[in-house]
Amino acid sequence: MSSEPKRGMVVGKPALNFTLQDHTGGYVSLKDEVWQSPVMLVFYPKDFTHVCTQQLCDYRDNIVDFDKLNIKILGISNNDRHSHAEFAKQHGFPFLLLSDPENKIAKQYDCSSLLMLGNVSRAVFLINRRQQILYRYIEPTVLTRRKSHELLQVIQQLRDNKLI
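Residues numbered from 1 in each chain as written. Predicted model: local features only at pLDDT ≥ 70, side-chain atom pairs only at ≥ 80, totals over all residues. Heavy atoms only, no water.

Draft legend 1. The overall build of the protein, seen in detail. Counting its secondary structure elements, the protein contains 6 helices and 7 strands. For the protein, the succession of helices and strands along the chain, N to C, is β-β-α-β-α-α-β-α-β-α-β-β-α. Relative to its length of 164 residues, the protein is compact, with a C-alpha radius of gyration of 14 Å against a globular reference of 15 Å. By the burial criterion, 52% of the 164 residues in the protein qualify as buried. Of the roughly 8200 Å² of accessible surface on the protein, a fraction of 52% belongs to carbon and sulfur atoms. Within the protein, the 17 negative side-chain charges are centred at a point lying 4 Å from the centre of the 21 positive side-chain charges. (Helix = DSSP H or I, 4+ residues; strand = E, 2+ residues; numbered from the N terminus. Rg over C-alpha atoms; globule rule 2.2 N^0.38 Å. Buried < 20%, exposed > 50% of the residue type's maximum accessible area, 1.4 Å probe, protein only. Areas by Shrake-Rupley, 256 points an atom, 1.4 Å probe, with all protein chains shown as cover. Lys, Arg positive; Asp, Glu negative; His and termini not counted. Charge placed at Lys NZ, Arg CZ, Asp CG, Glu CD.)

Dropping the structure here:
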């Protein structure tokens, strides 16, 4: 179950815009990305950790299915761009990893769980081209993650309902 948001980052509401540096050294703005296609924001605690690596490799391995549904994936953690660049290179990630120093954006997106004692949790948000949050899930523990097949089902349902 996801924790209750404190600042309005809920399904149906506008997603908070941000601009963060990516692992290639460029800058990514959410409003510019959603203008092109719906976005799946993937907040995760740290590069090179076991569950984070499993999660992002799962998305990498199923990128064709995400692409078929026109979903752009953006990974976000507080690691710097150099760590992200090495992580992306080592695992061949076909999506950008964004640096969120001090977890500022993650905290604004309410990516924490009571069981995480206020620390940043793994979280997934689906945002449509109108920059509206269509799906929000905050993991209750560090050991759990949303798997590709679960997210692809959610995305397909949103497409069937013409929301994404």
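Draft legend 2. Expanded view of unusual backbone geometry. A positive phi angle is found at F48, which is not glycine, with a value near 65 degrees. Summarising the element assignment, F48 is placed in the loop between β3 (39–43) and α2 (50–61). For N103, which is not a glycine, the phi torsion comes out positive at approximately 55 degrees. One can find N103 in the loop between β5 (96–99) and α5 (104–108).

Draft legend 3. Up close: the nonpolar core. By size, the foremost hydrophobic cluster in this structure holds 28 residues, and its most contacted members are M40, L56, Y59 and F66. By residue number, the principal contributor to this core is helix α6 (residues 148–160), which donates 5 residues. The residues touching F66, leaving out its near neighbours within four places in the chain, are M40, Y59, I71, I73, S148, L151, L152 and I155. Counting residues in each nonpolar core, the second largest holds 23 residues, with L30, I105, C111 and A123 among its members. (Core = buried A, V, L, I, M, F, W, Y, C linked by side-chain atoms within 4.5 Å. Contact = heavy atoms within 4.5 Å.)

Draft legend 4. Just the pattern of salt bridges, in detail. Counted by the stated rule, this structure contains 5 salt bridges. Measuring nitrogen to oxygen at the nearest pair gives 2.5 Å for the salt bridge that ties K72 to E33. Within this pair, whereas K72 is found in strand β4 (residues 72–77), its partner E33 is found in helix α1 (residues 30–36), the two being separated by 39 residues in sequence. Looking at E33, the relative accessible area reads 9%, which means it is buried. Of the charged contacts in the structure, one is a salt bridge between R145 and D58, with a shortest N-O distance of 3.4 Å. (Salt bridge = Lys/Arg side-chain N within 4 Å of Asp/Glu carboxyl O.)

Draft legend 5. Inspection of the pairing of strand β1 (residues 19–22) at higher detail. Summarising the sheet, β1 and strand β2 (residues 27–29) pair through 3 bridges and their orientation is antiparallel. Each bridged residue has a counterpart across the sheet, and for T19 the counterpart in β2 is S29. Linking two consecutive strands that pair antiparallel, namely β1 and β2, is a turn of 4 residues; a positive phi of about 100 degrees is found at G25 within it. In the sheet, β1 pairs with β5 via 2 bridges, with the strands oriented antiparallel. Note on β5: the bridge partner recorded for Q21 is S99. (Pairing = 2+ DSSP bridges.)

Any functional reading would require information beyond the geometric quantities listed.
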